[in-house]
Amino acid sequence: MKNWARPARYQIRVEGVLDGRWSEWFEGMQITNQGDDTILSGTLPDQPALHGVFERVRDFGLCVTAVRRLPLNERA
């Protein structure tokens, strides 16, 4: 199986503040706020799901400031 087709944990930081109610819209990722930034974190099934999250971030007009791929067993 190719690396892009495997589940992975991600932490995505965006400029702007999102309410936790948007979690389901962002593939069920956990939403936390740090100052004027929002951190989306959680496990996604594959790279296409990650790109789906990026599309939703774009649709909201938010700017991605950082993306981290974490080991599956590490909490985001």
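Definitions and cut-offs
Residues numbered from 1 in each chain as written. Predicted model: local features only at pLDDT ≥ 70, side-chain atom pairs only at ≥ 80, totals over all residues. Heavy atoms only, no water. Helix = DSSP H or I, 4+ residues; strand = E, 2+ residues; numbered from the N terminus. Buried < 20%, exposed > 50% of the residue type's maximum accessible area, 1.4 Å probe, protein only. Contact = heavy atoms within 4.5 Å. Areas by Shrake-Rupley, 256 points an atom, 1.4 Å probe, with all protein chains shown as cover. Lys, Arg positive; Asp, Glu negative; His and termini not counted. Charge placed at Lys NZ, Arg CZ, Asp CG, Glu CD. Phe/Tyr/Trp six-rings, centres within 6.5 Å; stacked < 30°, edge-to-face > 60°. Lys NZ or Arg CZ within 6 Å of the ring centre and 35° of its normal. pLDDT = per-residue confidence, 0-100. Pairing = 2+ DSSP bridges. Axes fitted to C-alpha atoms, helices over the stretch in contact; angles between N-to-C directions.

**Student:** I'm lost on the overall build of the protein chain in this one. Help?
**Tutor:** Within the protein chain one finds 1 helix and 4 strands. Seen in sequence order, the protein chain has helices and strands lined up from the N terminus as β-β-β-α-β. Residues classed as buried in the protein chain amount to 32% of the 76 residues present. Intrachain contacts of the protein chain at a sequence separation of at least 6 include 65% that bridge at least 24 residues. When the accessible surface of the protein chain is totalled, it reaches about 4,800 Å², and 47% of it is carbon and sulfur. Distance from the positive charge centre (10 side chains) to the negative charge centre (10 side chains) of the protein chain: 8 Å.

**Student:** Teacher, can you tell me more about the packing of aromatic side chains here?
**Tutor:** Geometrically, a pair of aromatic rings is defined through the distance of the ring centres and the angle of the planes. Counted under the stated rule, the structure contains 5 aromatic pairs. Measuring from ring centre to ring centre gives 5.3 Å for Trp 25 and Phe 26, while their planes differ by 85°; the resulting arrangement is edge-to-face. Of the residues examined, Trp 25 reaches a relative accessible area of 34% and is grouped as partly exposed. Residue classification places Phe 26 among the buried positions, given a relative accessible area of 0%. Here the aromatic residues Trp 22, Trp 25, Phe 26 and Phe 60 are joined through ring pairs into a cluster of three or more. Directly above the ring of Trp 25 sits Arg 56, whose terminal nitrogen or CZ lies 5.6 Å from the centroid.

**Student:** Would you take a moment to explain the environment of Val 14 for this structure?
**Tutor:** Considering the arrangement of structural elements, one finds Val 14 in strand E1 (residues 8-15). Taking the relative accessible area as the measure of exposure, Val 14 reaches 0% and is therefore buried. Along the chain, Val 14 and Leu 40 lie 26 residues apart, while their C-alpha atoms are 8.1 Å from each other. Setting aside anything within four residues of it in sequence, one finds Val 14 in contact with Asp 37, Thr 38, Val 57, Leu 62, Cys 63, Val 64 and Thr 65.

**Student:** What is the right way to read the confidence of the model for the protein chain from this model?
**Tutor:** A low pLDDT means the predicted coordinates there should not be read in detail. When pLDDT is averaged across the protein chain, the result is 91; 91% of the residues are at 70 or more. No element of the protein chain has a lower mean pLDDT than helix H1 (residues 47-60), at 94, and none a higher one than strand E2 (residues 30-34), at 97.

**Student:** What is the right way to read the sheet that holds strand E4 (residues 63-70) from this model?
**Tutor:** Strand pairing within a sheet occurs via backbone hydrogen bonds; the two strands may be parallel or antiparallel. Pairing is antiparallel across the open sheet formed by 4 strands, whose spatial order is E2-E3-E1-E4. The sheet is open, and its two edges are formed by E2 and E4, each paired on a single side. Going from strand to strand, the sheet's axes swing by 20° on average, the running direction of each strand aside. Here E1 pairs with E4 via 7 bridges, running antiparallel. Counted as the bridge partner of Ile 12 is Val 67 from E4. This element, H1, spans E1, strand E3 (37-44) and E4 of the sheet and lies at about 15° to E1.

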